[in-house]
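What follows is each chain in one-letter form.
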Amino acid sequence: MRLEPEIWTAEVVYLGFGTPMLRGGLAVVGGHVAMTGGLEELQHAYPGAPVVHKGRALTPPVVNAHTHLDLSRLPYFEGPYVEFIRHVIANGAGRGVEAARQGLEELRALAVGAFGDIVARDAVMDWLLEHSDLPGVAYREVIGPDPGKAQDVFAALKPQFLAWKKREGRVKVGISPHATHTVSAPLFKLLVEFAALEGFPVQIHVAESPEESRYVRRAEGGFVEFMRQMKLPVWNPPGVSPVQYLADLGLLGPGVTLVHAVQVDEADVRVIAQAGCRVVSCPRSNRGLECGEFPWALYLKHGVEVALGTDSRGSSPDLDVRNEALHLWGKADPRVLVRSATRGGYRVLGLQTPRITRGSALSQVQSW
């Protein structure tokens, strides 16, 4: 172990609180942080200590705030979003506990601080609650587009959610009504009202693709054909944006996190901000599925908390959320990206953000 002091620095240094620093650093002695602060301040306190550049960022452990671990064996796909849905269905046999185990092992190897996972099967939820040594939230996904079956679907799910909640440990239980086009309005209301009453966090996929917006506004585009092929009901369109549709149903609030939220305008972002919702962006998945560019400046303007996720291995090359930030390096303020990959993720999941302070072990410092 090196006992002589070094000064570690990077393009962005974030301590888990305050503002990420562009000319910051850590004084490191004997495997621990001895001092944090501006680079000049550290050099004054430790004259002669070598300055070691650690890359793009030094941060607490990052958070993958949105993934689908049970899709970790899904072949990687690039192409239109509706075709990706068909790809997921066609490869459904590979989903399950073993795929989730593989995904969790990848997250462990990446030393993430926490994760948010969308769980499609009860067996995977049972396994995560029993075996995950990483903290996070497992959101049980619910799909039910037929409004006539909403009460029956909810009645079957309610006791299961309450039973899982009693088993919570490092992993908490959440609810994920899948998306605007796969969950009927009555089922959406039942699930979100139940979540608020019982304290379940919620994640909803919304405004992910142009096709979703066309379907919600006018019942046009690729989703219409897909719903008919799957023998699912095609609705009468509400004629508003996907975000406004959720707001009109009374579903938005501080306990609800919106995932993707790419196809939005300023009115949508204002609604999200006023409701107190947080957002998870998955940049590489959005690029690969032709969903568009996340409007970082709009969300920053309205003060919306943004976290980062990878989505599944089916639409992302890996589960390393740092690569989501690095994919955007130079396109968005790197301080915003670093904060989103750390504090934003912990806040979405309802967890305390680890802080880098004097005495912190270097094992709690990640370099990108």
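Model, not experiment: these values are computed from the prediction.

(A) Representation of the overall build of the protein within the structure. Looking only at helices and strands, the protein has 14 helices and 15 strands in total. Taken along its principal axes, the extent of the C-alpha atoms in the protein is 70 × 40 × 40 Å. Taking contacts inside the protein between residues at least 6 apart in sequence as the whole, the part at least 24 apart equals 72%. As displayed, the protein offers around 15000 Å² of accessible surface, 51% of which is attributable to carbon and sulfur atoms. Each charge class in the protein was averaged separately, 38 positive and 39 negative side chains, and the resulting centres sit 3 Å apart.

(B) Just the pairing of strand 9 (residues 136-142), in detail. For strand 9, a buried count of seven out of seven residues is recorded, marking the element as mostly surrounded by other parts of the structure. Bridge analysis of strand 8 (residues 114-119) against strand 9 gives five bridges, and the strand direction is parallel. Across the sheet, D117 pairs through a bridge with A138, a residue of strand 9. Crossover connection from strand 8 via helix 4 (residues 122-131) to parallel strand 9: handedness right-handed.

(C) Representation of the nonpolar core in the model. Ranked by size, the top nonpolar core spans 76 residues in total, and within it F161, L246, L258, W296 and Y299 carry the most contacts. Of all the elements, helix 6 (residues 185-198) adds the most residues to this core, at seven residues. In this view, L246 contacts T180, F188, I204, V206, L251, L252 and L258; residues no more than four positions away in its chain are not counted. If you look at the next biggest cluster of nonpolar residues, it comprises 15 residues, including V88, Y215, V224 and F226.

(D) Structural detail: unusual backbone geometry. Residues other than glycine seldom take positive phi values, yet A219 does so here, at roughly 55 degrees. Turning to its location among the elements, A219 is positioned in the loop between helix 7 (210-218) and helix 8 (222-229). Positive phi values are uncommon outside glycine, yet H260 reaches one of about 85 degrees. Residue placement: H260 occurs in strand 12 (residues 256-260).

(E) Here's a closer look at the pattern of salt bridges. Applying the stated rule across the entire model yields 21 salt bridges. With a closest N to O distance of 2.9 Å, D333 and R335 form a salt bridge. The network of salt bridges with shared partners includes E266, R270 and K301.

(F) Examining helix 6 more closely. With 14 residues, helix 6 ought to run about 20 Å at 1.5 Å a step, and its terminal C-alpha atoms sit 20 Å apart, in line with that. By the burial criterion, the buried members of helix 6 are L187, F188, L190, L191, V192, F194 and A195. Considering only its buried residues, helix 6 is in contact with strand 9, helix 5 (150-165), strand 10 (171-177), strand 11 (202-206), helix 9 (242-248) and strand 12. One or two residues past the end of helix 6 sits G199, with phi positive at roughly 85 degrees.

(G) Examining a nonpolar patch on the surface more closely. A surface patch of nonpolar side chains, amounting to about 240 Å² of accessible area, comprises I89, M230 and L232. Within the fold, L232 resides in the loop between helix 8 and helix 9. Overall, the relative accessible area of 30% leaves L232 in the partly exposed class.

(H) Expanded view of the packing of helix 5 against helix 6. Between helix 5 and helix 6, the shortest axis-to-axis distance is 10 Å and the interhelical angle comes to 25 degrees. When the axis of helix 5 is compared with that of helix 6, the two are roughly parallel. Read as a crossing pair, helix 5 and helix 6 show a hand that is right-handed. Together, A150, Q151, V153, F154, L157, K158, F161, L162 and K165 of helix 5 and P186, L187, L190, L191, F194 and E198 of helix 6 make up the contact between the two elements. Of the residues contributing to the contact of helix 5 with helix 6, the split by class is 11 nonpolar, one polar and three charged.

(I) Main features of the environment of E11. Tracing the sequence through the fold places E11 in the loop between strand 1 (6-9) and strand 2 (12-13). Separated by 46 residues in the primary sequence, E11 and A57 place their C-alpha atoms 5.7 Å from one another. Residues in contact with E11, not counting those within four places in the same chain, are M21, L22, G55, R56 and W329. Here the side chain of E11 touches R56 through a polar contact of 3.0 Å, side chain to side chain.

(J) Structural context of the side chain of T67. Inspection of the secondary structure puts T67 in strand 7 (residues 63-67). Given a relative accessible area of 0%, T67 falls into the buried group. Here the side chain of T67 touches D311 through a polar contact of 2.8 Å, landing on its backbone oxygen. When residues no more than four places from it in sequence are discounted, the contact partners of T67 are G116, D117, I118, T310, D311, S312 and L319.

(K) Spatial organisation of the state of the cysteines. Under the counting rule described, the total for this entry stands at zero disulfides. No disulfide involves C277; its sulfur sits 16 Å from the nearest other cysteine sulfur, which is in C282.

(L) Main features of helix 7. Residues E212, S213, Y215 and V216 constitute the buried set of helix 7. In an axial view of helix 7, the angular spread of the buried residues amounts to 165 degrees, which keeps them on one side of the axis. Taken from the residues just after helix 7, A219 is the one with a positive phi, measuring 55 degrees.

(M) Layout of the sheet that holds strand 6 (residues 57-59). If you trace the three strands from one edge of the open sheet to the other, you get 2-6-15, paired in mixed fashion. Here the strands that pair on one side only, and so sit at the sheet edges, are strand 2 and strand 15 (366-367). The pairing of strand 2 with strand 6 spans two bridges and is parallel. Paired with V12 across the two strands is A57, which belongs to strand 6.

Here is what the cut-offs are and how they apply
- Residues numbered from 1 in each chain as written.
- Predicted model: local features only at pLDDT ≥ 70, side-chain atom pairs only at ≥ 80, totals over all residues.
- Heavy atoms only, no water.
- Helix = DSSP H or I, 4+ residues; strand = E, 2+ residues; numbered from the N terminus.
- Contact = heavy atoms within 4.5 Å.
- Areas by Shrake-Rupley, 256 points an atom, 1.4 Å probe, with all protein chains shown as cover.
- Lys, Arg positive; Asp, Glu negative; His and termini not counted.
- Charge placed at Lys NZ, Arg CZ, Asp CG, Glu CD.
- Buried < 20%, exposed > 50% of the residue type's maximum accessible area, 1.4 Å probe, protein only.
- Pairing = 2+ DSSP bridges.
- Right-handed = clockwise from strand over helix to strand, strands pointing away.
- Core = buried A, V, L, I, M, F, W, Y, C linked by side-chain atoms within 4.5 Å.
- Salt bridge = Lys/Arg side-chain N within 4 Å of Asp/Glu carboxyl O.
- Expected span 1.5 Å × (residues − 1).
- Patch = residues over 30% accessible without salt bridge, like charges linked within 9 Å, V, L, I, M, F, W, Y side chains within 5 Å.
- Axes fitted to C-alpha atoms, helices over the stretch in contact; angles between N-to-C directions.
- Parallel < 35°, antiparallel > 145°, perpendicular 65-115°, else oblique.
- Left-handed = near helix turned anticlockwise from the far one by under 90°.
- Nonpolar A, V, L, I, M, F, W, Y, C, P; charged D, E, K, R; others polar.
- Polar contact = N/O pair within 3.5 Å; in protein donor to acceptor, adjacent residues only side chain to side chain.
- Disulfide = S-S within 2.5 Å.
- Arc of directions from axis to C-beta.

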